[in-house]
Amino acid sequence: MSLFSSLGSLLTTMADGLDPLFGASAAAAAIVLFTLCVRAALHPLARAAVRGEKARAALAPKITELGRKHRDDPERMRRAMAELQTKEGASPLAGCLPTLAQLPVFFVMYHVFSTGSGAGDLLDHTVAGAPLGAHWGGVLSGGPGLVYLGLFALIAAVATWTYLRARKATVPGAPGVARALPLLSFGTLVTAAVVPLAAALYLATSATWTAVERALLHR
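The name given to the chain in an unreviewed UniProt entry is Membrane protein insertase YidC, and the organism recorded there is Streptomyces rapamycinicus. As its UniProt record puts it under Function (unreviewed entry), the chain is described as follows: "Required for the insertion and/or proper folding and/or complex formation of integral membrane proteins into the membrane. Involved in integration of membrane proteins that insert both dependently and independently of the Sec translocase complex, as well as at least some lipoproteins. Aids folding of multispanning membrane proteins."

The structure is reproduced here in structure tokens:
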């Protein structure tokens, strides 16, 4: 059995179990529940990422000192920063681990709802009249359009909150890639606009989980 068929069968089974509670939206509820299970499984990676971020924040005074010491030699500055981060175990890309780990799951779900391969009757399910396999451009009017607008509003709010929080936590003098990472939070909004509704539900749920998770871990 392929990965696509396996995911389709799993979601169908979950939707059947949730049908008494959610009716026509049971498949959407199954996607949300499945996403929460995936993110819960990846929680240890999120904790490791936060530990890395806190380690980088603790290095801020040393990085500032390196900036003053090597301000006339950018290449030497980059090498010194890399050596310091390696020594302290503070990778600037540690925060990407949870996102990278769930990419295969997202791509499988995208394929299932884009092509119908392994989806069974899941594409017949809807959320407030919007088919799970539909794209936002075809359902902008009426109730289905409101589903997408609601998702976009949720993802935009979470992306803005994440961006502001990440920018505030960025260490002065960090490499360009580290300074650009906060902008990736808006990539979720762009992606949700071009993928099927089922995949957009996955993105919205995952983005919300990330925001809440990071807020709790940074307490």
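Novice: Now, about a negative patch on the surface: what can you tell me, with residues and values included?
Specialist: A cluster of like negative charges, contributed by Asp 16, Asp 19, Asp 121 and Asp 124, occupies part of the molecular surface. Among the structural elements, Asp 19 can be located in helix 1 (residues 3-22). Judged by its relative accessible area of 41%, Asp 19 falls in the partly exposed class.

Novice: Help me get a handle on the environment of Val 112, residues and values and all.
Specialist: Structurally, Val 112 is set in helix 6 (residues 97-115). Note on Val 112: relative accessible area 0%, which makes it buried. Measuring from C-alpha to C-alpha, the distance between Val 112 and Phe 4 comes to 5.9 Å, with 108 residues separating the pair along the chain. Those residues in contact with Val 112 that sit more than four places away from it in its chain are Phe 4, Leu 7, Ser 117, Gly 118 and Ala 119.

What counts and what doesn't
- Residues numbered from 1 in each chain as written.
- Predicted model: local features only at pLDDT ≥ 70, side-chain atom pairs only at ≥ 80, totals over all residues.
- Heavy atoms only, no water.
- UniProt positions renumbered as here; feature names shortened; annotations may be inferred.
- Patch = residues over 30% accessible without salt bridge, like charges linked within 9 Å, V, L, I, M, F, W, Y side chains within 5 Å.
- Areas by Shrake-Rupley, 256 points an atom, 1.4 Å probe, with all protein chains shown as cover.
- Salt bridge = Lys/Arg side-chain N within 4 Å of Asp/Glu carboxyl O.
- Lys, Arg positive; Asp, Glu negative; His and termini not counted.
- Charge placed at Lys NZ, Arg CZ, Asp CG, Glu CD.
- Helix = DSSP H or I, 4+ residues; strand = E, 2+ residues; numbered from the N terminus.
- Buried < 20%, exposed > 50% of the residue type's maximum accessible area, 1.4 Å probe, protein only.
- Contact = heavy atoms within 4.5 Å.

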